[in-house]
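Take a look at the letters that make up each chain.
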Amino acid sequence: MSEVRIDLYSDTATMPTEGMRAFMCAAEVGDEQRGEDPSVNQLQEMVAGMLGKEAALFLPSGTMCNQIALAVHCRSGDLVLLDRTSHPLHSEAGGAAVLARVTLYPVDGEKGQFTAEQVAAEITPSTRYFPGFRLISVEQTTNRPGGCIWPLEQMRAVCEVAHERGVLTHMDGARLFNAVVETGISTQDYAETFDTVWIDLSKGLGAPVGGVLAGSEAFIQEAWQWKQRIGGAMRQAGIIAAAGVYALKHQVDRLVEDHRNAKRLAERIAGTPGIAIDPAEVETNMVRFDIGETGATSREFADRLLEDSGVRVSTPSPTAMRAVPHLGITEADVDEAADAVRALAKRLLEER
Ligand SMILES: *Cc1c(COP(=O)(O)O)cnc(C)c1O
């Protein structure tokens, strides 16, 4: 395989920074299962505070945050309403059915965002035939649609309808901070109407692993039991929790640079023959563009881009490409990637 020089595949490509590595090395640690790891405790307190919740729990991944939330909130067979593009449907290997034993109930939102009216229309009472809705789940920002930001009012309206009908609310806040730095709306304001919320440390924030799930004291107590049950309980986890503490202190505000770079990339690609992109659709750190008119498939385009220029992007659909700037990507990298995309589109059109 060709060498990856500019990795725009995902914000999961972030590497721990020098400062983060030094901070991890110096972390105080203990047995987290006994509540004796100061670094884990610090991270959990920071996140609970940021999200305005009573307590929080450090977990090895965001996927486990979603899985445990579903398992604690729901009884087996319950319905969980979420968008058709959402992570538990596409990327969690059916865990919702296996672990929480719930039924995921997809609705079609716009850019991954459904409305209070849709929720009101879908949530009908449970009968002998129809299982009950127990939870709705919202993704901020919406990943597959391209890092799009749920408007605060729309989220609140959705939660209000759910709560009126006795349905709980959960936010998959894998990229909540991307929304926060872009809109200036606080984490607490976004989180307020949700029973549970989690954030991912290993995406744009740049930690190597981990997610933190927040909710009420009673919820977190039950979540602890699930963490133990499925092997998520660790020991001297402070080494990795420290990366999260560092990220929250030093690498949140810089997410605006990723957004600026995403915009820059989109603007530099726009207008290229064979490529369809609207820079106005770039809301946070993700750039999506369509290369169908070049005659190539996205897979072919991605392979050749990597081969020719060492630029790696992902291929969300047969003709769609996705590029995600992050803390390892400079403005110069973005310009080089844009040039490479333009050059490849030109060559492909010439070859036709
Ligand atoms: C990445 C992601 C997850 C899962 O997080 P991991 O830490 O990779 O397990 C869940 N939801 C969304 C929206 C994500 O982007």
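Along each chain, the written sequence defines residue order, and numbers are assigned to residues from 1. Local features in a predicted model are, by the rule used here, given only for residues with pLDDT of at least 70; side-chain atom pairs are given and counted only at 80 or more, and totals for whole chains, interfaces and linings are based on all residues. Heavy atoms from the whole structure form the basis of all side-chain values; hydrogens and water molecules are not counted.

A.B. asks: Could you clarify how one ought to interpret the site of the ligand in this entry?
C.D. replies: Throughout, near means a residue has at least one heavy atom within 4 Å of the molecule or strand. Taken together, the neighbourhood of the ligand is formed by 14 residues, with Gly62, Thr63, Asp172, Arg175 and Lys203 sitting nearest. Residue Asn143 places a side-chain N or O atom 3.0 Å away from an oxygen atom belonging to the ligand. Between N or O atoms, a polar contact is any pair within 3.5 Å; within protein, one atom must be a potential hydrogen donor and the other a potential acceptor, and residues adjacent in sequence are included only when both atoms are from side chains. A distance of 2.6 Å separates a nitrogen atom of the ligand from a polar atom in the side chain of Asp172. Only DSSP runs of H or I covering at least 4 residues are called helices, and only runs of E covering at least 2 are called strands; the numbering of each starts at the N terminus. Counting only elements with at least two residues in the shell around the ligand, the list comes to helix H3 (62-73) and strand E7 (196-200).

A.B. asks: Would you explain the side chain of Thr142 in this entry?
C.D. replies: Along the chain, Thr142 turns up in the loop between strand E5 (133-139) and helix H7 (152-164). For each residue, the accessible area found with a 1.4 Å probe, counting protein chains only, is set against the maximum for its type, and the residue is called buried under 20%, exposed over 50%, and partly exposed in between. Among the residues examined, Thr142 registers a relative accessible area of 1% and is labelled buried. A polar contact of 2.9 Å, which involves the side chain of Thr142, links it to the backbone oxygen of Lys111. Any two residues having at least one pair of non-hydrogen atoms within 4.5 Å are treated as being in contact. Contacts of Thr142, omitting those with residues within four sequence positions, involve Lys111, Gly112, Gln113, Gly147, Cys148 and Trp150.

A.B. asks: Would you mind showing me how to read the sheet that holds strand E2 (residues 55-59) here?
C.D. replies: One key point about sheets: their strands pair by backbone hydrogen bonds, in either a parallel or an antiparallel sense. When DSSP finds at least two bridges between two strands, those strands are taken to pair. Strand order in this open sheet of 7 strands is E2-E8-E7-E6-E5-E3-E4, and the pairing throughout is mixed. Sheet topology places E2 and strand E4 (103-107) at the edges, where each strand pairs with a single neighbour. Along the sheet, successive strands turn relative to each other by an average axial angle of 20 degrees, direction set aside. Taken together, the 3 bridges between strand E3 (residues 79-83) and E5 define a ladder with parallel strand orientation. Here an angle of 0 to 180 degrees is reported between the N-to-C directions of two axes, which are lines fitted to C-alpha atoms, with helices fitted over the stretch in contact.

A.B. asks: Can you help me understand the environment of Gln33 in this one?
C.D. replies: Counting through the fold element by element, Gln33 comes out in the loop between helix H1 (18-25) and helix H2 (38-51). With 195 residues separating them along the chain, Gln33 and Gln228 place their C-alpha atoms 8.6 Å apart. With residues near it in sequence (within four places) discarded, Gln33 still touches Trp224, Gln228, Ala233, Met234 and Arg235. Polar contacts involving the side chain of Gln33 include one to the side chain of Gln228, which spans 3.4 Å.

A.B. asks: Sorry, what's going on with the pairing of E7 here?
C.D. replies: The element E7 is largely enclosed, with a buried count of 5 among its 5 residues. Neither face of E7 is exposed, since Thr196, Trp198 and Asp200 on one face and Val197 and Ile199 on the opposite face are all buried. Two elements, strand E6 (residues 168-173) and E7, share 4 bridges in a ladder whose sense is parallel. Within the sheet, the bridge partner assigned to His170 lies in E7 and is Thr196. As defined by bridge partners, E7 adjoins strand E8 (residues 211-215) across 4 bridges and the pair is classed as antiparallel. Bridging across to E8, Val197 finds its partner in Ala214.

A.B. asks: Please explain the packing of helix H8 (residues 176-183) against helix H12 (residues 255-269) as it appears in this structure.
C.D. replies: The angle between the axes and the distance between the axes are what describe a pair of packed helices. Direction vectors running N to C along H8 and H12 enclose 80 degrees, while the axes themselves pass 9 Å from each other. With respect to H12, the element H8 is oriented roughly perpendicular. Along its contact with H8, which presents Phe177, Asn178, Val181 and Glu182, the element H12 presents Leu255, Val256 and His259. Note on residue classes: Ala, Val, Leu, Ile, Met, Phe, Trp, Tyr, Cys and Pro are nonpolar, Asp, Glu, Lys and Arg are charged, and everything else, Gly too, is polar. The residue makeup of the contact of H8 with H12, split by class, is 4 nonpolar, 2 polar and 1 charged. Here roughly perpendicular refers to angles of 65 to 115 degrees, roughly parallel to angles under 35, roughly antiparallel to angles over 145, and oblique to all remaining angles.

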